[in-house]
Every structure is written in structure tokens, then in C-alpha cells.
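Observations on chain architecture
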Amino acid sequence: MPDLKHHIDTNKLPKHIAIIMDGNGRWAKSRNRPRVFGHANGVKAVRQVTEACAELGVSYLTLYAFSKENWNRPSREVNALMSLLVKTLSKEIKTLSDNDIRLQAIGDICQLPQETHEALKDGIEQTKHHRRMTLILALNYSSRAEILNAQKKIAIDIAEGKLNILDLTESVFSKYLDTADYPDPELMIRTSGEQRISNYLLWQMAYTELYFTDQFWPDFSKENLYEAIIDYQMRERRFGKTSEQITAL
Ligand code: IPE
Ligand code: IPE
Ligand code: MG
């Protein structure tokens, strides 16, 4: 495999990469194995991508691990995913700590099974002082629910006189979201060939560059991440301006 890493311009790195880790089930199916086998193998890709982002100097990595819609899957699969999370968290927290990586979560994590919630809270607590990179797991997350929840909190603050409606700007609104402490992602990667957002970071991705690859998540490697970043770096981000305005800068 070619070493693509040296083609990356480290001065133009995305600060925040968000990923929809998709295709575990189809990866397993193509091997005549149960879907859960695909999820277990997806953990390797999580490790690879986390390590690669930390090595490069990406500051935030958000991984979509479980959506609110995923509760509609067969309970056997949901239970297996929740156990896998507990197992993986307890095994990997030390590696995150050793690498100065802070673990965070977005989504309604209180509604997760108690054991999963506890493992997550432990991981967040144990890594809270780490600064090299922030790894954010989107768990029991859906963007519409997040936005609606923000709106409810805003309504309460207005009713209680803590917020004046005239002061409600986009940046104030952002502070009511689960992602209040993180910048918007510059790059979003989705594996498995699906080209949709699936209720992920809808507000935050207003100007994010989207990158879709046919690979299934368990096959996604460091080199594949480098490919996505190189593709991102070749794009012109115009934010509504003309190309001429951008190149004149
Ligand atoms: C992504 O892989 C993992 C989760 C959604 C938890 P899928 O399980 O969606 O795999 P496919 O899309 O069915 O192949
Ligand atoms: C999105 O994947 C959620 C996660 C990766 C956790 P899905 O596989 O659930 O998405 P849809 O339902 O096919 O769009
Ligand atoms: Mg899927």
C-alpha cells in the first residue's frame, strides 16, 4: 500500500473530523458471519482511525456509534452492541490515557443501559485532563432530537429571564447543543457506499465537506483516512463566495 501520509499538508488539516462508521453488517454478511461479528471487527478500524488522527494532529474526532434509530434493530443486535461498547471501553481507556486522548460523548447517554452508561462515564472521567485529541462518541444520538432539546432549554432560559430572545444568535444557539464545546467538523466521512446523513450533526455540518467511500467500516484503514484528508485538502471551500475571491486571498 502506498504511504499517503506525506502527501498531507499538515498546515491545512481539518481540526474536527466526523465519521459515520457504516457497513459492519454487510462486511460480516459477505463472510457468511453474523452481523455482530462485523461490529466486533469495526473496533479495529476505530483504533486505527483514532491513532491516525492523533498522530496527524487532528484535534477532534467524532464517531457515530449508535443512533436513536438503531434501537429499532433486533434486540439481540442492540444488546450485543451495548456489551461490545462496555468491553471495548474498559479495554481501550488505558490506551486513550497513555496517548493523552480525552473521551467525550454526545447524545442522550443517560438512557443507555446502566452498564454501558457507567463504562462511558468512567472513561470520560478518567481521561478528562487529556489534551492531545478529543474523541467524541455519538451514542443514542440523533441530530433532530439534539436540536429540539436545545430549543426547549432555550425556551426555559427565556421564560426564566436568563436569555433575551434578541441575543439568540447562531453562536448562542450552538452553545445549547451537545457539541457546545467543539468546533464544527470540516470533514465528514461515511463508509459503506451510502450517501446520506442519517440524522447526524445536521446543524454542525452546514458547511462540512462530505466524503463517501464504498469501503465497509471494518476495512477502513489509516491509509483510507489519509486518502479522505487529501481529497478534502484539494477542495475549495468557498462559504458562499466566488472562486476568484478565495484565490485572491
Ligand atoms: C454500522 O454498521 C454500525 C452501526 C450502525 C451500529 P451497520 O450495522 O449499519 O452495517 P450495515 O449498514 O447493516 O452493513
Ligand atoms: C448510521 O448508520 C448510524 C451509525 C453509524 C451508528 P445506519 O446504518 O444506522 O444508517 P441508516 O439507517 O442505514 O441510514
Ligand atoms: Mg448501516
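Coordinates for the structure precede this section.
Quick look at the nonpolar core
- Core analysis: the biggest nonpolar cluster contains 46 residues, and I17, I19, L61, L120, I189 and L225 have the highest contact counts within it.
- Per-element accounting of this core gives the leading share, eight residues, to helix α3 (residues 75-98).
- Leave out the neighbours within four places in its chain, and I19 touches V49, L61, T62, L63, Y64, I189, Y200 and W217.
- Residues Y60, Y64, I106 and Y200 belong to the second largest nonpolar core, which totals 13 residues.

Overview of the site of ligand 1
- Taken together, M21, D22, G23, N24, G25, R26, R35, H39, A65, N70, R73 and L81 make up all the residues around ligand 1.
- Within the contact set of ligand 1, an oxygen atom lies 3.3 Å away from a backbone nitrogen or oxygen of G23.
- The contact in question runs from an oxygen atom of ligand 1 to an N or O atom on the backbone of G25, over 2.9 Å.
- Coverage of ligand 1 by the protein chains reaches 86% of its 370 Å² of free accessible surface.
- Where the shell around ligand 1 is concerned, the elements lending two or more residues are α1 (24-29) and α2 (35-56).
- When residues of the shell around ligand 1 are assigned to their parent elements, the largest contribution, three residues, is made by α1.
- Across the shell around ligand 1, the residue classes break down as three nonpolar, five polar and four charged.

Digging into the packing of α2 against α3
- The N-to-C vectors of α2 and α3 enclose an angle of 25°; their axes lie 10 Å apart at closest approach. For the element pair α2 / α3, the angle class is roughly parallel. Regarding α2 and α3, the two cross each other, and that crossing is right-handed. Facing R35, V36, H39, A40, V43, R47 and T50 of α2, the residues of α3 in contact are E77, A80, L81, L84, T88, K91, E92 and L96.
- Partitioning the contact of α2 with α3 into residue classes produces seven nonpolar, three polar and five charged.

Some details on the sheet that holds strand β4 (residues 133-141)
- Pairing within the open sheet is parallel, and its six strands lie in the order β3-β4-β2-β1-β5-β6. Unpaired on one side and paired on the other, β3 (101-106) and β6 (209-212) mark the two borders of the sheet. Across the sheet, the mean angle separating the axes of adjacent strands is 20° when strand polarity is ignored.
- Relative to β4, β3 is paired through six bridges, and the arrangement is parallel. Considered in β4, the bridge of Q104 is made with I136.
- Relative to the sheet, helix α4 (residues 114-126) contacts β3 and β4, its axis offset from that of β3 by approximately 140°.
- Seen against the sheet, helix α7 (residues 222-233) touches β1 (16-20), β5 (187-190) and β6 and runs at an angle of roughly 135° to β5.

Definitions and limits used
Residues numbered from 1 in each chain as written. Chains lettered and ligands numbered in written order. Predicted model: local features only at pLDDT ≥ 70, side-chain atom pairs only at ≥ 80, totals over all residues. Heavy atoms only, no water. Core = buried A, V, L, I, M, F, W, Y, C linked by side-chain atoms within 4.5 Å. Buried < 20%, exposed > 50% of the residue type's maximum accessible area, 1.4 Å probe, protein only. Helix = DSSP H or I, 4+ residues; strand = E, 2+ residues; numbered from the N terminus. Contact = heavy atoms within 4.5 Å. Near = heavy atom within 4 Å. Polar contact = N/O pair within 3.5 Å; in protein donor to acceptor, adjacent residues only side chain to side chain. Areas by Shrake-Rupley, 256 points an atom, 1.4 Å probe, with all protein chains shown as cover. Nonpolar A, V, L, I, M, F, W, Y, C, P; charged D, E, K, R; others polar. Axes fitted to C-alpha atoms, helices over the stretch in contact; angles between N-to-C directions. Parallel < 35°, antiparallel > 145°, perpendicular 65-115°, else oblique. Left-handed = near helix turned anticlockwise from the far one by under 90°. Pairing = 2+ DSSP bridges.

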